[in-house]
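Chain and residue survey
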Amino acid sequence: MNPLPDFQALFRVSPYFYLVMDLELNIIGVNDAYLRATGRIEGDLLGRYVFDAFPQNPDDPDSTAIEEVRSSLLYAIESGQPLTTAFLRYSVPRETAQGKVFDERFWSTVHTPVKGADGKVAFVAQNAIDVTDLYRFDRTSHVAAVETAPPARSVADHFTHAQMHEAMSRIINDERSHLRNLFNQAPGFIAVLTGEQHVFEMVNEAYYQLVGHRELIGKPVWQALPEVQGQGYEELLDRVTSTGEPFVGRGIKLRVQPVAGGPVSERYIDMLYQPVFGNDGKAIGIFVQGHDVTDAVTAQFAQRESAERLSDGMNAARMLVWDWDVASSRMDFLDNAALVLGRSENNIDLMSQSIHSEDAARLIRSRARAIADKGGYQ
């Protein structure tokens, strides 16, 4: 029977950087690649609390993301799930003849929990890639960005092809995850449609809230949302694709069935159909963005209906309301002034000429007294 392979030897010679910690975050293992990358020796690290072995730079605390690393390690231990951090700023201490100095480094890390025979997490491993040469760091804004130009030969030499691929995959996945979160958290609904059949390629959470949580991705609009057919949206989508011109609509009615087999709901939306163009300049898809404004439109309808009822009541009761600017004598009547009074003027003195002289004199006295006393009059 062949002996079991020496996995410890594999761990030690792996070109990837590995640091292993127990549940109290004390270092219990480190491979040669990690030692070379950090300029340390194994005896200086084993048994030490990881943040004692790799302390914060006292002259630049922000350059050593201890709390971010600690949170990542604890998450991996508590959840039993690995956690990837595509970019981490963490300076590494180095002893020199002049004393300890800190080399600024940027890392991509994966913290992976490892379970024992009892199924519980026994220790956690850190796999790190030094990505310092792949990032550009703005010290004023403290924001890092991936270099747009590919790394020079001298820069890329310390990467194996596998390491470079792994580092870039982590960066891309991190950026994709960030964009996906922004996409899903957008306050308005968003969808991306492709092809002549307007197939759903991307949909955010607000869009699902509008139409109901049904299967959309990979389906043409009219297959995914059959109840929307016949409401004019087919013509709008086809027109945007054929002409390459965007469409903007305000307060458009949409009848949709958010629950399968349930009633059709009437919604109102503000919406943009923006064509997406290919390299040949032709529209290959449509970016859909908008907001559900049902509550606002419904409130407007209710306000308009209430105003109409009030107007009908005032006309029936021969009631009139106006604003009077005392300084200029200007009057602003409601629209029913001519119906109630037989005329409509914008000046109180002109209106007073329509009143019998005795009544007008009494009215003017009452009005003057009310103004002086800052009260009312009848």
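Coordinates for the structure precede this section.
Described in the following lines is the structure provided in the data block. Bear in mind the structure is a predicted one, so any value in this text is a computation, not a measurement.

Re the overall build of the chain
- Per the secondary structure count, the chain includes 14 helices and 16 strands.
- Within the chain, the fraction of its 378 residues that count as buried is 37%.
- In the chain, the share of contacts with a sequence separation of at least 24, taken over all contacts with a separation of at least 6, comes to 40%.
- Split by element, the accessible area of the chain, about 23000 Å² in all, is 53% carbon and sulfur.

A word on the pairing of strand 14 (residues 283-292)
- Of the strand pairs in this sheet, strand 10 (residues 189-194) and strand 14 are connected by six bridges, and their pairing is antiparallel. By the bridge assignment for strand 14, Phe-189 is matched with Gly-290.
- Two strands pair when backbone bridges link them, and strand 13 (residues 265-277) and strand 14 are joined in this way by nine bridges, in the antiparallel orientation. Bridge pairing links Val-276 to Gly-285 in strand 14.
- Between the antiparallel neighbours strand 13 and strand 14 lie five residues, among them Gly-281 with a positive phi of about 85°.

Observations regarding the packing of aromatic side chains
- Applying the stated criterion across every chain, the model contains seven aromatic pairs.
- With centroids separated by 6.4 Å and ring planes inclined at 75°, the aromatic side chains of Phe-17 and Trp-107 adopt a geometry described as edge-to-face. Placement of Phe-17 in strand 1 (residues 17-21) and of Trp-107 in strand 6 (residues 106-115) is noted, with a sequence separation of 90 residues between them.
- For Phe-17, a relative accessible area of 14% puts it in the buried group.
- Residue class for Trp-107 comes out buried when judged on its relative accessible area of 7%.
- Each ring, one from Tyr-49 and one from Phe-51, has its centre 5.6 Å from the other, and the planes form 75°; the classification is edge-to-face.
- Of the residues examined, Tyr-49 reaches a relative accessible area of 27% and is grouped as partly exposed.
- Here the aromatic cluster, defined as three or more aromatic residues joined through ring pairs, consists of Phe-189, Phe-200 and Tyr-207.
- Its end group placed over the ring of Phe-54, Arg-40 keeps NZ or CZ at 5.0 Å from the ring centre.

Focus on the sheet that holds strand 3 (residues 83-89)
- On the basis of which strands lie adjacent, the open sheet formed by five strands has the order 2-1-7-6-3 and antiparallel pairing. At either margin of the open sheet sits one strand with a lone partner, and together these are strand 2 (27-30) and strand 3. Put simply, the sheet's adjacent strands are angled 25° from each other on average, direction ignored.
- Direction of pairing for strand 1 relative to strand 7 (residues 121-130): antiparallel, over a ladder of five bridges. Bridge pairing in strand 7 places Leu-19 opposite Gln-126.
- Contacting strand 1, strand 3, strand 6 and strand 7, helix 5 (residues 66-79) crosses the sheet at an angle of about 170° to strand 3.

Rules and cut-offs
- Residues numbered from 1 in each chain as written.
- Predicted model: local features only at pLDDT ≥ 70, side-chain atom pairs only at ≥ 80, totals over all residues.
- Heavy atoms only, no water.
- Helix = DSSP H or I, 4+ residues; strand = E, 2+ residues; numbered from the N terminus.
- Buried < 20%, exposed > 50% of the residue type's maximum accessible area, 1.4 Å probe, protein only.
- Contact = heavy atoms within 4.5 Å.
- Areas by Shrake-Rupley, 256 points an atom, 1.4 Å probe, with all protein chains shown as cover.
- Pairing = 2+ DSSP bridges.
- Phe/Tyr/Trp six-rings, centres within 6.5 Å; stacked < 30°, edge-to-face > 60°.
- Lys NZ or Arg CZ within 6 Å of the ring centre and 35° of its normal.
- Axes fitted to C-alpha atoms, helices over the stretch in contact; angles between N-to-C directions.

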